[in-house]
Amino acid sequence: MKIAVLCHMHHPISEPFEGGTEAHTAMIANGLIARGHSVTLFAKEGSQTDAELYPLVPKDFEFVHRASPLVRKQQKGFLAEAVFHSIDVIRQSNFDVVVNNSLSSLPYTFMRDLRMMTVLHTPPTLEDVSSVVSHPDWEPAEHHSYVTVSHTNAASWRALLPSTRVILNGVDLSMWNVDAPPRSDTVVWAARITPEKGLHIAIDAARAAGMAIEFAGPISHPAYFREQIEPRLGEMVRYVGHLSHTELPNFIASGAVFVASPLWAEPFGLSVVEAMATGTPVAALPNGALPELVTATAGRVSRLVSARSLAAAIRSARTVERDGVRLNAARFSLNHMLDEYETELMDLAESIPQVARDAAS
């Protein structure tokens, strides 16, 4: 198949990944290339991919979330122009199917005559998207499909998109099968450092459990880091930087427990699966899809959204056998995820959009 992959343009698709959506985009594009398909990735300049790259915005463009309303409006307008440009290019290039991995609402309206699979990476809280799909005059296009990354997230989307199906995220399990010895006195944490990821809760929980904590990730919200995290740093609380995917396996495997502390409805939790693939038990807050990922053989889910409850989960997770954790992670293989996406895309590619039927009649 000839496939266009359209992703969001806030960050390049390159190591070290800003977050799970960027890692997912890289896995999809590179995985489909490895399976013999022709893939063009429409992304930010500086993206690194096995696919053909069509850069849409400059590498030095930065979307400033806490900018003034006027600047935010200008930024959104700039990104919208980039998406419109990508739509024009895709129309002229005769792609068999489009993978919409973006966070833009424009493909829902302006790509209706194309065969497209949209991957819903967030809950239905993106105002631009939810306002389009909830409008009484909008309905899903005939040859569009909608998938999301967990059963929990699908349940929240089906009120707007009843046909949403689930393709669970996967990882290259062999990449995370490392032999780094765990440190019995240290827990680890890895994610974007933003308020909704709850690092401050994880730090307080580790302290309450009597353990040191080391954490990794991009400082995506400098004010949060300065106000909530820096005052908590010390001998038992250490920031190790924004690690690449080649560095993360050994770092995560070195923890007695991996802590996941989302304070929002986490749609999946790719880092949780990565941790389980190393054999590291997980202690998690009970938000979003995390109870769906972390079974009794893989760790413990906190009863409440609190440092005290998470500390109890950390202490309990330390007793979980690592072989059982790895076995639980086997549910989330990269090959299985790619099989599911490839089947979905082939079904779409073989369908005939209404505009083509009208032209033939």
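For clarity, every value in this text was computed on a predicted model and none was experimentally measured.

What follows deals with the overall build of the protein. Within the protein one finds 14 helices and 13 strands. Against the compact-globule benchmark of 21 Å for 361 residues, the protein has a radius of gyration of 21 Å, which places it among compact chains. Along the three orthogonal principal directions, the C-alpha set of the protein runs to about 70 × 45 × 40 Å. Taking all 361 residues of the protein together, the buried fraction comes to 54%. When contacts within the protein are restricted to residue pairs at least 6 apart in sequence, long-range pairs at least 24 apart make up 68% of them. As displayed, the protein has an accessible area near 15600 Å², and 53% of this comes from carbon and sulfur atoms. Put simply, the protein has 29 plus and 39 minus side-chain charges, and the middle of one group is 8 Å from the middle of the other.

Our next topic: unusual backbone geometry. A cis geometry characterises the amide bond from Glu15 onward to Pro16, with omega recorded as -15 degrees. You can see Pro16 is positioned in the loop between strand E1 (2-7) and helix H1 (20-34).

Another point: the sheet that holds strand E11 (residues 255-260). Within the open sheet, the six strands sit side by side as E10-E9-E8-E11-E12-E13. Their pairing is parallel. The open sheet terminates on both sides in strands that have one partner only, identified here as strand E10 (237-239) and strand E13 (299-301). Neighbouring strand axes in the sheet, compared pairwise and without regard to direction, differ in orientation by 20 degrees on average.

Oppositely charged side chains may form a pair once their charged atoms are brought near each other. Counted under the stated rule, the structure contains 11 salt bridges. With a shortest N-O distance of 2.8 Å, Asp113 and Arg91 are connected by a salt bridge. Here Arg91 lies in helix H2 (residues 69-92) and Asp113 lies in the loop between helix H3 (106-110) and strand E5 (116-120), a separation of 22 residues in the sequence. On the basis of relative accessibility, which here comes to 37%, the residue Arg91 falls in the partly exposed class.

By size, the foremost hydrophobic cluster in this structure holds 56 residues, and its most contacted members are Phe258, Val272 and Met276. Not counting residues within four places of it along the chain, the set of residues in contact with Met276 comprises Val282, Leu293, Ala298, Val325, Arg326, Asn328, Ala329 and Phe332. Residues Ala206, Val259, Ala307 and Ile314 belong to the second largest nonpolar core, which totals 28 residues.

On to the sheet that holds strand E3 (residues 52-55). With parallel pairing, seven strands are arranged side by side in an open sheet as E3-E2-E1-E4-E5-E6-E7. One side of each edge strand has no neighbouring strand; the edge strands of this open sheet are E3 and strand E7 (165-166). Across five bridges, E5 lies against strand E6 (residues 144-148) in parallel orientation. Paired with Val119 across the strands is Val147, a residue of E6. The sheet contacts of H1 involve E1, strand E2 (38-43), strand E4 (97-101) and E5, and relative to E2 the element is tilted by about 155 degrees. Here helix H13 (residues 334-350) sits on the sheet in contact with E1, E4, E5, E6 and E7, set at roughly 145 degrees to E5.

Here we come to the packing of helix H6 (residues 199-208) against helix H7 (residues 222-229). Viewed as axis vectors pointing N to C, H6 and H7 meet at an angle of 25 degrees, and their least axial separation amounts to 10 Å. The orientation of H6 with respect to H7, classified from their angle, is roughly parallel. For the crossing formed where H6 meets H7, the hand is right-handed. Contacts from Leu199, His200 and Ile203 in H6 reach Tyr224, Gln228 and Ile229 in H7. Among the residues forming the contact of H6 with H7, the class breakdown is four nonpolar, two polar and no charged.

The rules we used
- Residues numbered from 1 in each chain as written.
- Predicted model: local features only at pLDDT ≥ 70, side-chain atom pairs only at ≥ 80, totals over all residues.
- Heavy atoms only, no water.
- Helix = DSSP H or I, 4+ residues; strand = E, 2+ residues; numbered from the N terminus.
- Rg over C-alpha atoms; globule rule 2.2 N^0.38 Å.
- Buried < 20%, exposed > 50% of the residue type's maximum accessible area, 1.4 Å probe, protein only.
- Contact = heavy atoms within 4.5 Å.
- Areas by Shrake-Rupley, 256 points an atom, 1.4 Å probe, with all protein chains shown as cover.
- Lys, Arg positive; Asp, Glu negative; His and termini not counted.
- Charge placed at Lys NZ, Arg CZ, Asp CG, Glu CD.
- Pairing = 2+ DSSP bridges.
- Axes fitted to C-alpha atoms, helices over the stretch in contact; angles between N-to-C directions.
- Salt bridge = Lys/Arg side-chain N within 4 Å of Asp/Glu carboxyl O.
- Core = buried A, V, L, I, M, F, W, Y, C linked by side-chain atoms within 4.5 Å.
- Parallel < 35°, antiparallel > 145°, perpendicular 65-115°, else oblique.
- Left-handed = near helix turned anticlockwise from the far one by under 90°.
- Nonpolar A, V, L, I, M, F, W, Y, C, P; charged D, E, K, R; others polar.

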